[in-house]
Amino acid sequence: MKSITVIGCGTMGSRIINALMLGGCDVTIIDLNEAAAKPFVERGAKYFKSVNEAGDTDCVLINLPTHEIAKKAMLGTDSEKLKGKMLINTTTSTPEEVRDMDELAKQLGMLHLDAKIENYPGDIGTKNAYLVYSGCEEVFRKMKPALDAIGQAAYLGEKVEGASITDIAILEVHFGAIATLAESAAYCIKNDYSVKTFMDQLRSILPLMLEGNYRAFEDGLKNYDRQFEDASECALTMETIALETILRSIKDRGVKTPCGDSILDLFKKGIESGNGKKNVVAVVNELI
């Protein structure tokens, strides 16, 4: 049985604690809010207000609102309590903040594994939970049974900021999808068309379309040097013409398209830069 100290019993932290306990882990909870920990204590977890008061465990897992709060929690702990321990940090943080935590972990004599959660709290402990990890492979290997209890676990390598970079890049796509999804749903509503039917078809069609996008970006940016060959399909000019038609139809129904307009502007800038015959991936040049 793995023994884990979890610092943070908020919305996400409590879900992690629950999953770890269901996975057979011996959990110690650190949180200022004793009431939040009470349901888990009643099930066998231990509770303390600080790590300094708690007993020794195999690993310390942090889930706190910000990097600064997480760092403060570590600095406020007796270094002798942390020396030689494994550290898994699931706090949302930038690559720079991850490197900062990694440096602190080294100063404290800890083995550091950064983790980023790619799902909503309610999915923790289910097949829909997915976490990416980077940093110390030894921690990932030793704690794998516990990590599997939280969700699917993907190790991205020793580059400690790898999980954070992946997380931020994926969330950019995620939030962009929310915005364009809102425009598309509004278009369906203005056409008195079932949003449910639209969503049902989106689930079937979009993965097929995105697979082509993934392939194009992966191949086109493999050795990025700002140069692109002429496209055999999906040339930027043709994609721009298609998008103009789409946006005209949506606007004709009285729907605003701030996201679509931004995409069209990006495409047109790519054409102005001489990449009209290139694959749409060439718009990356306009962003770097």
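All values derive from a computational prediction rather than experimental measurement. Position labels on residues start from 1 in each chain and follow its written sequence. The predicted origin of the model limits local features to residues at a pLDDT of at least 70 and limits the giving and counting of side-chain atom pairs to 80 or more, whereas totals for whole chains, interfaces and linings rest on all residues. Derived side-chain values reflect all non-hydrogen atoms in the structure, with water molecules and hydrogen atoms excluded from consideration.

**Examining the overall build of the protein**
Then, in step 1: Assigned secondary structure in the protein consists of 11 helices and 8 strands.
Then, in step 2: The principal-axis extents of the C-alpha atoms in the protein amount to approximately 65 × 45 × 30 Å.
Then, in step 3: Here the term buried applies to any residue with accessible area under 20% of the maximum for its type, exposed to any over 50%, and partly exposed to those in between, with areas from a 1.4 Å probe on protein chains only. A buried classification covers 39% of the 288 residues belonging to the protein.
Then, in step 4: Long-range contacts, defined as pairs at least 24 residues apart, comprise 61% of the intrachain contacts of the protein with a sequence gap of at least 6.
Then, in step 5: Of the roughly 16000 Å² that the protein leaves accessible, carbon and sulfur atoms contribute 55%.
Then, in step 6: With 33 positive and 42 negative side-chain charges, the protein shows a spacing of 3 Å between the two charge centroids. Counting from the N terminus, the helices are the DSSP runs of H or I reaching at least four residues and the strands are the DSSP runs of E reaching at least two. Here a residue-residue contact requires only that any non-hydrogen atoms of the pair lie within 4.5 Å. Using a 1.4 Å probe, the Shrake-Rupley method yields the accessible areas, and only the shown protein chains count as cover for residues. For this count, His and the chain ends are skipped, Lys and Arg are scored as positive, and Asp and Glu as negative. The atoms used to mark charge sites are NZ of Lys, CZ of Arg, CG of Asp and CD of Glu.

**Observations regarding helix H1 (residues 11-22)**
Then, in step 1: In a helix, the anticipated span is given by 1.5 Å times the number of residues less one. For H1, spanning 12 residues, the distance from its first C-alpha to its last is 17 Å, which sits close to the expected 16 Å at 1.5 Å a residue.
Then, in step 2: Those residues of H1 lying buried are Met-12, Gly-13, Ser-14, Ile-16, Ile-17, Ala-19, Leu-20 and Met-21.
Then, in step 3: The inward-facing, buried residues of H1 contact strand S1 (3-7), strand S2 (26-30), helix H2 (34-41), strand S4 (59-62), strand S6 (111-117) and helix H7 (144-150).
Then, in step 4: In the segment just after H1, Gly-24 is the residue with positive phi, at about 90°.

**Looking at helix H10 (residues 236-252)**
Then, in step 1: For H10, with 17 residues, the first-to-last C-alpha span of 24 Å sits near the 24 Å given by 1.5 Å per residue.
Then, in step 2: For H10, the set of buried residues is Leu-236, Thr-240, Leu-243, Leu-247 and Ile-250. One face of H10 carries all of its buried residues, which in axial projection span an arc of 90°. In this structure, H10 carries Met-238 and Asp-252 as exposed residues pointing more than 90 degrees from its buried face.
Then, in step 3: Buried residues along H10 sit against helix H8 (162-190) and helix H11 (258-275).
Then, in step 4: Positive backbone phi, at 85°, marks Gly-254, one or two positions downstream of H10. This arc is built from the directions going out from the helix axis to the C-beta atoms.

**Quick word on empty space enclosed by the protein**
Vacant regions in the atomic arrangement are exposed by a probe of water-molecule size rolled over the atoms.
Then, in step 1: A cavity here means a set of 1 Å grid points, computed over protein atoms only, where a 1.4 Å probe fits but cannot escape. A pocket is an open set with protein on both sides within 12 Å along at least 5 of 7 lines, and lining residues have an atom within 4 Å of a point. Grid points are joined across faces, edges and corners, and a volume is the space filled by probe spheres set on the points. One pass over the structure, following the stated rule, counts 1 cavity of 30 Å³ or more.
Then, in step 2: Roughly 60 Å³ of internal volume is contained in the largest cavity.
Then, in step 3: Every residue along the wall of the largest cavity is listed here: Thr-5, Val-51, Gly-55, Asp-56, Thr-57, Val-60, Lys-81, Leu-82 and Lys-85.
Then, in step 4: Charged residues are taken to be Asp, Glu, Lys and Arg, nonpolar residues to be Ala, Val, Leu, Ile, Met, Phe, Trp, Tyr, Cys and Pro, and polar residues to be all remaining types, Gly included. When its residues are assigned to classes, the lining of the largest cavity shows 3 nonpolar, 3 polar and 3 charged.

**Brief notes about the packing of aromatic side chains**
Then, in step 1: Here a pair means two rings of Phe, Tyr or Trp (six-membered ring of Trp) with centres within 6.5 Å. Their orientation is stacked below 30 degrees between planes, edge-to-face above 60, and tilted elsewhere. Summed over the entire model, instances satisfying the criterion amount to 3 aromatic pairs.
Then, in step 2: Considering the side-chain rings of Tyr-133 and Phe-140, the 5.6 Å spacing of their centres and the 55° angle between planes classify their relative orientation as tilted. Taken individually, Tyr-133 and Phe-140 each receive the classification buried, so the pair is uniform in this respect.
Then, in step 3: Three or more aromatic residues link up through ring pairs in this structure, and these residues are Tyr-133, Phe-140 and Tyr-155.

**A word on unusual backbone geometry**
Then, in step 1: Positive phi outside glycine occurs at Asp-192, with the angle close to 55°.
Then, in step 2: Looking at the element boundaries, Asp-192 is found in the loop between H8 and helix H9 (195-220).
Then, in step 3: Taking the relative accessible area as the measure of exposure, Asp-192 reaches 73% and is therefore exposed.
Then, in step 4: The phi dihedral of Cys-234 is positive, around 60°, even though this residue is not glycine.
Then, in step 5: Along the chain, Cys-234 falls in the loop between H9 and H10.
Then, in step 6: Note on Cys-234: relative accessible area 37%, which makes it partly exposed.

**Thoughts on the layout of surface pockets**
Then, in step 1: In this structure, the second largest pocket encloses a volume near 530 Å³.
Then, in step 2: In this structure, the second largest pocket is lined by 21 residues; those nearest its centre are Met-12, Thr-92, Ile-117, Asn-119 and Leu-171.
Then, in step 3: Looking at the lining of the second largest pocket, the elements that each hand over two or more residues are S6 and H8.
Then, in step 4: Sorting elements by how many residues they give to the lining of the second largest pocket places H8 first, with 5 residues.

**Quick look at the nonpolar core**
Then, in step 1: Here the nonpolar core consists of buried residues drawn from Ala, Val, Leu, Ile, Met, Phe, Trp, Tyr and Cys, with membership extended through side-chain atoms lying within 4.5 Å. Core analysis: the biggest nonpolar cluster contains 33 residues, and Leu-20, Ile-29, Ile-88 and Met-143 have the highest contact counts within it.
Then, in step 2: If you tally residues by element for this core, the top one is H1, at 6 residues.
Then, in step 3: With residues up to four places along the chain from it excluded, the contact list for Ile-88 reads Cys-59, Val-60, Leu-61, Ile-62, Leu-113, Ala-115, Tyr-133, Val-139, Met-143 and Leu-147.
Then, in step 4: The next biggest cluster of nonpolar side chains, apart from the first, holds 16 residues, and it includes Ile-30, Ile-62, Ala-70 and Ala-105.

**Describing the pairing of strand S7 (residues 130-135)**
Then, in step 1: A large share of S7 lies buried, amounting to 5 of its 6 residues.
Then, in step 2: For two strands to be treated as a pair, DSSP must find at least two bridges joining them. In the sheet, S6 pairs with S7 via 5 bridges, with the strands oriented antiparallel. Within the sheet, the bridge partner assigned to Ala-115 lies in S7 and is Tyr-133.
Then, in step 3: Looking at chain direction, S7 and strand S8 (residues 152-155) are connected through 4 bridges and run parallel. When the bridges of S8 are listed, Val-132 appears paired with Ala-154.

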